[in-house]
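# Analysis of the macromolecular model
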Amino acid sequence: MLVKAPDTTARRTRTTCPYCGVGCGIIADHPPGGPVSIEGDPEHPANHGRLCSKGAALAETLGLEGRLLHPEIGGQRVGWDRALDLIAERFAAAIECHGPDSVAFYVSGQLLTEDYYVANKLMKGFIGSANIDTNSRLCMASSVSGHRRAFGSDTVPGCYEDLEQADLVVLAGSNLAWCHPVLYQRLQQAKSSRPDLKIVLIDPRRTPTAALADLHLAIAPDGDVALFCGLLRALVEREAMDIAYIDSFTNGFIDVHQHVAEHTIARVARETDLDERDIATFYDWFAATEKTVTLYSQGVNQSSSGTDKVNAIINCHLATGRIGKPGAGPFSITGQPNAMGGREVGGLASMLAAHMDLDNPAQRELVRRFWNAPAVANKPGLKAVELFDAVGDGRIKAIWIMATNPVDSLPRADAVAAAIADCPFVVVSDVVAENDTIRHADVKLPSMAWGEKDGTVTNSERRISRQRAFLRPPGETRADWWQVAQVAQRMGFKEAFDYADAAAIFREHAALSSYNNDGSRAFDIGAVRNISRAGYDTLQPFQWPRPASGDRPGSRFFSAGGFHTADGRARLVVPGQVVPPAVTTQYPFVMNTGRVRDHWHTMTRTARSERLSSHIAEPFVEIHPADAAGLQIGDADLVEVATPHGEFVGRAVITDRQKRGCLFVPIHWTDQFASKARVDALVPALLDPVSGQPASKSAPASARRFESEHFGFAVSSRCPDLSGCDYWAVAKCYGGWRTELAFRRIVEAPELLARRLFRVGAGAGIDCSAYADSQKGDHRLALFEGDRFIGALYLCHRPVRISRAWVAERLGDGPGRSSRRVGMIAGRPGVEQPGRGAIICACHGIGATEIADCVRSGGHSVRAVGEILKAGTECGSCRPEISEIIDEHRSLPAE
């Protein structure tokens, strides 16, 4: 459903994408009363007009279906005053009886900086506790800790241009093609322009990003520290060190040098499961290439040794002086749109606002004076996992969860659900009326969504951009900052939280960044501390620092020292001992988790789009062919993955992209979209000891075939009733819903099942066409209301083999010829109407069958397929998959 803009003058609004940390600029076109359309902003420095499939489909996610539009207490609609009064009363009562550490906020990288700032100010400055943490703890806390250990501040040294200017780009633990597609496009273009640019991918899986790599190092889980320690040893041997830089600007090199001395290539090969020749090639390239960028992401961060991995990478760049220079430096690419903004305002339990240090008494006092606060928290608060442990054991009496879904995203997620359910008082601010977390809320607060809210975000290269409103807020939705400020005022802090608008908060945030800042603090945007409302409305994207002096320090840090440590020198850090994943005979696999191309987090936004649901419509398990054969798992079987904490069921994807002994499962599916696919219910609470970030990519696990008597597939114009199904996964399609099914017992009455699924009773004017082969367990039913197709159910003893995309598309066709009934029973088009196959290019709706036919007819390159079909010409995220189809079908004759 495309949302219509309010009937005002035609406008085009420049705003920022709400998905990943790339921070792409977007132009929302919203003519009066017409549908909103989305395009990339060609003037935004992050994307220069490019968008990924998710960003391009944003207009399809703006509908009001399922939105939370009014405050609720105990499931009953109430007014804002009653809800806010109750929150203030319950938080104040808990603080009075049990102290300030008995309450907590759990916030999100989906919040705007202004929202984050007000929440942090209330908790740390006026409640007096540091019990505010964020879901950003789950994705980039180890980068923060690594930066602070090495640089003395959480400062990303480089910028996106470095990827295009480098001669060697090392991608460590990053599936850039799917997780940050616009940066992948920029890198791909740079590689096309300069074929000598070398790219190394370090990842246990052969992901789509590998299509661009000159060398793929399929490293063992958590082998990164050993690999980069060995690299530092190799750099010393090859005399690639920058001795002058080491002597002038760093400490700790001698200790680190001694530590890595025993990391020979032979030892590294044992600890990483890599070929010695491949290791030597990587080391040779790195040693010989002055302009080297190491870009790293969740494969590095989400580990019990994540902080040490970050510092092992940084050590190599410090020792070679390859930092803060065009085309050279370590680069942490963040997962969320405003994880960086949250770091700026102190959204983590271990930090103060404006990148100041909670452990520093002078900086605590500086913040207290600026806020005129009664007492700033004087010790770090509970980090995310610890915080919900405290909810579970009763130490936390009241918690406010904002814009995040911890019941699906935290490790031991079932225990988190139980903790929240038992907490005496739970407030949830969200845009949706139903998800796995908000169902436990005592108070639900309706927040503005993207397109309605107004503020700023900061991307991975420290660039602050505006998110601007272009839709009228529906119902009684309010900004998150307003909700927090209203509660703060009701708790007695009226003057400190009396903000007129988001611009007033941004001015205060900017002023704090420059308050008594003599240059010793990296984060400084004092130049905009007096910005007017009009100036805020027209604010252009800019990188910090932007000090009040008006000086433009440049877009990079540390090429000539200037670190924010006590002595101004960087620290090379000796990594600790890495403990490999503890696999056992009971749990012999290492389970890796991650994102897919067209979905985001827990799908509260992307699942609204039929287009985004068409690429991958159900949870899956990637498993190596040899492992699958040993478990008697066939292609498209269902697989049950288990750990001591929970179970997951998904479709088998048998592929040699996966290492033997390893599994990959996606993070996105929740109880709204699948029967048992909340993957974080399986992840243990194994934390990095420095950052507190969970190890989400190395859980010991078991796998077995999910035994089913009947497999099924259904499409329906109505949301299906899935009661009684042992396995199900549901996704939107044009005109309705598509559902994968499985039953442990034989379905004895297929027509009754179909009518229940499609919510139609007997004698309701519904005609059922059916085919059955009882011996094979094959049943096919198509239901029609007059001449309109409203649903179909396919059952078989083996996974159903039909043209799913073609069947799903028929729901949107409207009334048709009765002869179509034969095709619906068959589950595939006739010769005269070829199907598209599984959707590969979401932007243009091009399927695998169409691409294969194009290849067999002479389209032997990605470019040729793009010219003929347009596939891969929009966001480019599907190009690696197109390339695989070309390799598979190039030598086959045209049909």
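Remember, predicted model here, so these are calculated numbers, not experimental data.

Rules of the game
- Residues numbered from 1 in each chain as written.
- Predicted model: local features only at pLDDT ≥ 70, side-chain atom pairs only at ≥ 80, totals over all residues.
- Heavy atoms only, no water.
- Helix = DSSP H or I, 4+ residues; strand = E, 2+ residues; numbered from the N terminus.
- Rg over C-alpha atoms; globule rule 2.2 N^0.38 Å.
- Buried < 20%, exposed > 50% of the residue type's maximum accessible area, 1.4 Å probe, protein only.
- Pairing = 2+ DSSP bridges.
- Axes fitted to C-alpha atoms, helices over the stretch in contact; angles between N-to-C directions.
- Salt bridge = Lys/Arg side-chain N within 4 Å of Asp/Glu carboxyl O.
- Polar contact = N/O pair within 3.5 Å; in protein donor to acceptor, adjacent residues only side chain to side chain.
- pLDDT = per-residue confidence, 0-100.
- Contact = heavy atoms within 4.5 Å.
- Expected span 1.5 Å × (residues − 1).
- Parallel < 35°, antiparallel > 145°, perpendicular 65-115°, else oblique.
- Left-handed = near helix turned anticlockwise from the far one by under 90°.

Moving on: the overall build of the protein. The helix and strand tally for the protein stands at 30 helices and 34 strands. For the protein, the C-alpha radius of gyration of 27 Å lies close to 29 Å, the compact-globule estimate for 895 residues. Projecting the C-alpha coordinates of the protein onto the three principal axes gives extents of approximately 80 × 70 × 55 Å. Relative to its full complement of 895 residues, the protein shows a buried share of 64%.

A separate point is the sheet that holds strand S2 (residues 25–30). Strand order across the open sheet formed by three strands is S1-S2-S3, with antiparallel pairing between neighbours. Two strands lie at the open edges of the sheet, namely strand S1 (11–16) and strand S3 (37–40), each paired on one side alone. Strand-to-strand twist in this sheet, taken as the mean axis angle between neighbours without regard to direction, amounts to 30°. Note: S1 against S2, six bridges, orientation antiparallel. Within S2, the position partnered with Arg14 by the bridge is Ile27.

For the coordinates displayed, the defined rule picks out 67 salt bridges. Asp224 is paired through a salt bridge with Lys309; the nearest N and O atoms lie 3.1 Å apart. With Asp224 in helix H8 (residues 224–237) and Lys309 in helix H14 (residues 306–320), this residue pair connects regions lying 85 residues apart in the sequence. Accessibility expressed as a relative area gives 1% for Lys309, which makes it buried. Salt-bridge contacts for Glu740 lead to Arg804; the nearest nitrogen and oxygen are separated by 2.6 Å. Taken as a pair, Glu740 in strand S29 (residues 736–743) and Arg804 in helix H26 (residues 804–809) lie far apart in primary sequence, 64 residues in all.

With respect to the helices, strands and loops of the structure, Arg651 is situated in strand S24 (residues 646–654). On a C-alpha basis, the gap between Arg651 and Val621 in space is 5.9 Å, while along the polypeptide they are 30 residues apart. Among the polar contacts listed, one links the side chain of Arg651 to the side chain of Glu618, at a separation of 2.8 Å.

Below, the discussion takes up the confidence of the model for the protein. The predicted coordinates ought not to be read in detail in places where the model reports low pLDDT. In this model, the protein carries an average pLDDT of 94, and 97% of its residues clear a pLDDT of 70 or more. Throughout residues 1–8 the model reports pLDDT below 50, and contacts reaching past four residues in sequence, or to other chains, amount to 32 contacts.

Right, let's get into the pairing of strand S8 (residues 168–172). Counting buried residues in S8 gives five out of five residues, a clear majority hidden from the surface. Bridge count between S8 and strand S9 (residues 198–202): five bridges; the pairing is parallel. Residue pairing across strands places Leu168 opposite Lys198, the latter belonging to S9. In this structure, S8 lies alongside strand S12 (residues 292–296), joined through five bridges in parallel fashion. Pairing of Leu171 across the sheet is with Leu295, part of S12.

Under the 1.5 Å per step criterion, the end-to-end length of H8 is 20 Å for 14 residues, consistent within 8% with the ideal 20 Å. With respect to burial, H8 is a largely interior element, eleven of its 14 residues being buried. Residues Asp224, Val225, Ala226, Leu227, Phe228, Cys229, Gly230, Leu231, Leu232, Ala234 and Leu235 constitute the buried set of H8. Phi turns positive one or two residues past the end of H8, at Glu239, with a value near 55°.

What follows deals with unusual backbone geometry. Here the amide bond leading from Trp544 into Pro545 is cis, since omega sits at 10°, within 30 degrees of zero. Note that Pro545 resides in the loop between strand S19 (542–543) and strand S20 (570–571). Although it is not a glycine, Arg759 adopts a positive phi angle of roughly 60°. Considering the arrangement of structural elements, one finds Arg759 in the loop between helix H25 (750–757) and strand S30 (767–773).

Right, let's talk about the packing of helix H17 (residues 384–392) against helix H19 (residues 413–422) for a bit. One way to put it is that H17 packs onto H19 with a least axis distance of 8 Å and a crossing angle of 50°. When the axis of H17 is compared with that of H19, the two are oblique. Between H17 and H19 lies a crossing whose hand is left-handed. Along the contact surface, H17 presents Phe388, Val391 and Gly392, while H19 presents Val416, Ala419 and Ile420.

Further remarks concern the sheet that holds S9. Taking strand neighbours across the sheet as the criterion, the five strands line up as S10-S9-S8-S12-S13 in an open arrangement whose pairing is parallel. Because the sheet does not close on itself, it has two edges, and the strands there are strand S10 (215–217) and strand S13 (329–332). Strand-to-strand twist in this sheet, taken as the mean axis angle between neighbours without regard to direction, amounts to 15°.

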